[in-house]
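Architecture and fold: a report
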Amino acid sequence: MADSGDQRSFSHPKNPSFRRRLCCSFVAPQSPEYVPTKPRKHDTSTAISSKLHNSSSSFPNSPSPNPRMGLGFIDPRRILSPGRVSPIDSEPPLDPLPEISADVSQQLEPEPAPKFKSILPAKSVACSGSSLLVQMEVNSKDSLDVRLDLKGKDGGSLVLELESKVLRRNSSYFSAKIAETRPSPSYLIEVVDVGDLHVFRETIELMYEKDIVRKLMQLGVTRSIGILEVSSTIKFEKGVNSCLHYLEAVPWTESEEEKLKTLFTKCTFEKQKFRDMLARLYQEESASPPPLAVHLVQSVTCGADSNATKELKCLVKGLLSQSSVYQKDPAGLTKEAIYSTCSSCISLLVQYFREASDLTPKIAAATKDIRTPLIGRISKQVENLNWLLEILIDKQMGEEFVGLWANQKELVKMHEKSSPMVRYELSRVSGHVFIALGRGKLQCRGEERSGVLHSWFSPMLVDFGWLQRCSKGLDVRELEEAMGQALLTLPMKQQQSLFMEWFAWFSKNGTECPNLSRAFQIWWRRSFLRNTKMPQISTEHH
């Protein structure tokens, strides 16, 4: 930072004629009662001499510098001996010291107080309640005949001394203001309620730039959005066009996108100039929007790469989630479309299990995918069904899936004849259904709950050991708890039938069977230790 009153000239790197003279220091606004104070008696030279005297007194045997000498001057003829503290005085008497140059003496003398108001550096930002004066000069022969006084909303102020011809040429707003103002001796224009003084000044500086877009590339997107708003306010058309041209070609963050949407609602632009930006911000309206979500779901279920499909499932599920910030509308995803995809996956499962059971060897040979093993294709469709069930539960549309899975009588029959390595995949779907029922995520009718448990409860008892060894993301402990809770939602007679079946399996297979002891105890207490006699219900209407 230069001293107060120091004049410096800056030249624009690409425009040698662009020169800016700046002086640096804060100033307080002068009131009518302002009386300049006299300078203090102790000037700078006295302070330096006192400092030198104190420094020399701390070393009694060191040579005392001449008061007229500046800091850093040491008499080369007075040398301290390496083994002695006092100087060597064997030499003849010293000659008089040489005179100090005029440049050094000028540095020691106090500078006169500036006659004009001090000016802050060009890169400074006006603080709240402070005053900032900036002079801009294109050529030394040109006069700064406009004084632009900016008042910020936070209480700060900024004063720009500019050329009227630059403002007239670039801004129709300031051109009208200058025409309305009488110079005395310069044009005084005041702008109040400025949101950001620094951005306003940067916008004015762009009037002196030949390549505005290149300057905006240095400033970045966020500041360019602010400059676009100021340029629109002061009708700086060249600045508006340059900002729109720059912003349309660069990527935005989500916060910057929201700022642009807010700006376009406040400011008016010619549609021809920013229609490309509008195409990036808003979806064009059409008579029949394509079902994008359905297309995404079907693409995921038909994916070939397992790793990519797994990542896409997480992505699409997050986008379609009810709690997602991106969930603005259904985007064509309907209940019928999801259940249609579920039916397609189940049809493929039936086909693959027919191949596994060798019930239709000719069809199996014709449709067999040599690249993917049969167990891999079955596992893929099971993963698809579980993923679709999660989407349906999140959208509160999964109740019909329970009835759909309960009616797969052909799959239940083929489960009994298939290899354990293949058939346990079907119990993974049943496990997710049981967990959803036991945790109360599916509000199904009693017939649907009873149907799915009677169809898939026995296969689950058979496959539980395989699920423990190869769960593939299924929480087995949660499954045990949920199965018991789901059984307790059935009528007492049906509970007894299923609990007794479990009791027989558990007594033979032990840990290879789910442990439903807690739910069994609850059913036992309700059935035999309490009054379970059904009350008489009157059918008469009073």
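Please read these numbers as outputs of a predicted model, since none were measured by experiment.

Check the secondary structure of the protein chain and you find 22 helices and six strands. Nonlocal contacts in the protein chain, meaning residues at least 24 apart in sequence, comprise 67% of its contacts between residues at least 6 apart. In the form shown here, the protein chain has an accessible surface area of approximately 33400 Å², with 54% of it arising from carbon and sulfur atoms.

With that settled, consider the packing of helix α7 (residues 221-233) against helix α9 (residues 254-266). Following both chains from N to C, one finds α7 and α9 inclined at 5 degrees, their axes separated by 10 Å at the closest point. Taken together, the axis directions place α7 and α9 in an arrangement best described as roughly parallel. Taken together, the residues of α9 that come into contact with α7 (itself represented by Val221, Thr222, Ile225, Leu228 and Glu229) are Glu256, Lys259, Leu260, Leu263 and Lys266. Per-class residue counts for the contact of α7 with α9 are five nonpolar, one polar and four charged.

Turning our attention to the packing of aromatic side chains. Counted according to the given criterion, the structure contains 13 aromatic pairs. Aromatic side chains Trp405 and Trp456 sit 4.7 Å apart centroid to centroid with 15 degrees between the ring planes, which places their arrangement in the stacked category. One end of the pair, Trp405, is in helix α16 (residues 399-406); the other, Trp456, is in helix α19 (residues 446-469), and 51 residues separate them in sequence. The class of Trp405 is buried, set by a relative accessible area of 0%. When the ring of Trp523 is compared with that of Trp524, the centres are 6.1 Å apart and the planes differ by 70 degrees; the resulting orientation is edge-to-face. Residue classification places Trp523 among the buried positions, given a relative accessible area of 1%. Exposure remark for Trp524: the relative accessible area of 42% places this residue in the partly exposed category.

Our focus in this paragraph is the side chain of Ser379. Structurally, the position occupied by Ser379 is in helix α15 (residues 374-394). Polar side-chain contacts of Ser379 include one of 3.3 Å to the side chain of Lys472. Not counting the four nearest positions on each side in its chain, Ser379 is found in contact with Glu425, Arg428 and Lys472.

With respect to the helices and strands, Cys513 occurs in the loop between α21 (492-509) and α22 (517-529). For Cys513, a relative accessible area of 2% translates into the label buried. It is 5.7 Å that separates the C-alpha atoms of Cys513 and Leu461, two residues lying 52 residues apart in sequence. Ignoring anything within four residues of it in the chain, the contact list for Cys513 reads Leu461, Phe464, Glu480, Trp502, Trp505 and Phe506.

Let's shift gears to α9. In this model α9 runs 19 Å from its N-terminal to its C-terminal C-alpha over 13 residues, within 8% of the 18 Å that 1.5 Å per residue would give. Looking only at α9, the buried set comprises Glu256, Leu260, Leu263 and Phe264. Each buried residue of α9 lies within a common arc of 95 degrees when the element is viewed along its axis, so the set occupies one face. Along α9, the residues that are exposed and aim more than 90 degrees away from the buried face are Glu254, Thr265 and Lys266. Buried residues belonging to α9 abut α7, α8 (237-248) and α10 (271-281).

Scored by pLDDT, the protein chain comes out at a mean of 75, with 65% of its residues at no less than 70. With pLDDT under 50 throughout, residues 100-131 is counted as low confidence; its partners more than four residues away or in other chains account for 62 contacts. Below a pLDDT of 50 lies the segment residues 135-141, which in the model reaches 24 contacts outside its immediate sequence neighbourhood of four places, other chains included.

On the surface, Leu312, Leu315 and Leu319 cluster together into a nonpolar patch covering about 230 Å² of accessible area. By the secondary structure assignment, Leu315 is in helix α12 (residues 306-320). Look at Leu315 and you get partly exposed, because its relative accessible area is 47%.

A separate point is the state of the cysteines. Here, the word disulfide means a covalent bond between the sulfur atoms of two cysteines. Inspection of every chain in the model, using the stated rule, returns zero disulfides. The thiol of Cys302 is unpaired, and the distance to the nearest cysteine sulfur, on Cys345, comes to 7.7 Å. Cys342 takes part in no disulfide bond, and the closest cysteine sulfur, belonging to Cys345, lies 6.5 Å away. Overall, Cys342 belongs to the buried group, its relative accessible area being 0%.

Bringing the pattern of salt bridges into the picture now. According to the stated counting rule, one finds 20 salt bridges in the structure shown. Residue Arg354 is joined to Glu410 by a salt bridge in which the shortest nitrogen-to-oxygen separation is 2.8 Å. Of the two residues, Arg354 sits in helix α13 (residues 335-357) while Glu410 sits in helix α17 (residues 409-417), which places them 56 residues apart along the sequence. Since its relative accessible area comes to 33%, Arg354 is described here as partly exposed. A relative accessible area of 37% places Glu410 in the partly exposed class. When salt bridges that share partners are traced, they join Glu383, Glu425, Arg428 and Lys472 into one network.

Another aspect to go through is the packing of α19 against helix α20 (residues 476-487). Angle between the axes and distance between the axes are the two parameters that describe a pair of packed helices. One way to put it is that α19 packs onto α20 with a least axis distance of 12 Å and a crossing angle of 160 degrees. Judged by the inter-axis angle, α19 sits roughly antiparallel to α20. Where α19 crosses over α20, the two elements pack in a sense that is left-handed. Between α19 and α20, the contacting residues are Leu453, Phe457, Met460, Phe464, Leu467 and Gln468 on the first element and Val476, Arg477, Leu479, Glu480, Met483, Ala486 and Leu487 on the second.

Glancing now at the nonpolar core. In this structure, Leu385, Phe401, Trp405, Leu411, Val452 and Leu479 are the most contacted members of the largest nonpolar core, which totals 71 residues. Tallying contributions element by element places α13 first for this core, with 10 residues. Those residues in contact with Val452 that sit more than four places away from it in its chain are Val402, Trp405, Ala406, Val433, Phe434, Leu437 and Phe457. One finds Val146, Leu148, Val166 and Phe264 within the second-largest nonpolar core, a separate group that totals 46 residues.

Here Lys313 shows up in helix α12. A polar contact of 3.1 Å, which involves the side chain of Lys313, links it to the side chain of Asn384. Apart from the residues lying within four places of it in its own chain, the contact partners of Lys313 are Val300, Glu383, Asn384 and Trp387.

Rules behind the numbers
Residues numbered from 1 in each chain as written. Predicted model: local features only at pLDDT ≥ 70, side-chain atom pairs only at ≥ 80, totals over all residues. Heavy atoms only, no water. Helix = DSSP H or I, 4+ residues; strand = E, 2+ residues; numbered from the N terminus. Contact = heavy atoms within 4.5 Å. Areas by Shrake-Rupley, 256 points an atom, 1.4 Å probe, with all protein chains shown as cover. Axes fitted to C-alpha atoms, helices over the stretch in contact; angles between N-to-C directions. Parallel < 35°, antiparallel > 145°, perpendicular 65-115°, else oblique. Nonpolar A, V, L, I, M, F, W, Y, C, P; charged D, E, K, R; others polar. Phe/Tyr/Trp six-rings, centres within 6.5 Å; stacked < 30°, edge-to-face > 60°. Buried < 20%, exposed > 50% of the residue type's maximum accessible area, 1.4 Å probe, protein only. Polar contact = N/O pair within 3.5 Å; in protein donor to acceptor, adjacent residues only side chain to side chain. Expected span 1.5 Å × (residues − 1). Arc of directions from axis to C-beta. pLDDT = per-residue confidence, 0-100. Patch = residues over 30% accessible without salt bridge, like charges linked within 9 Å, V, L, I, M, F, W, Y side chains within 5 Å. Salt bridge = Lys/Arg side-chain N within 4 Å of Asp/Glu carboxyl O. Disulfide = S-S within 2.5 Å. Left-handed = near helix turned anticlockwise from the far one by under 90°. Core = buried A, V, L, I, M, F, W, Y, C linked by side-chain atoms within 4.5 Å.

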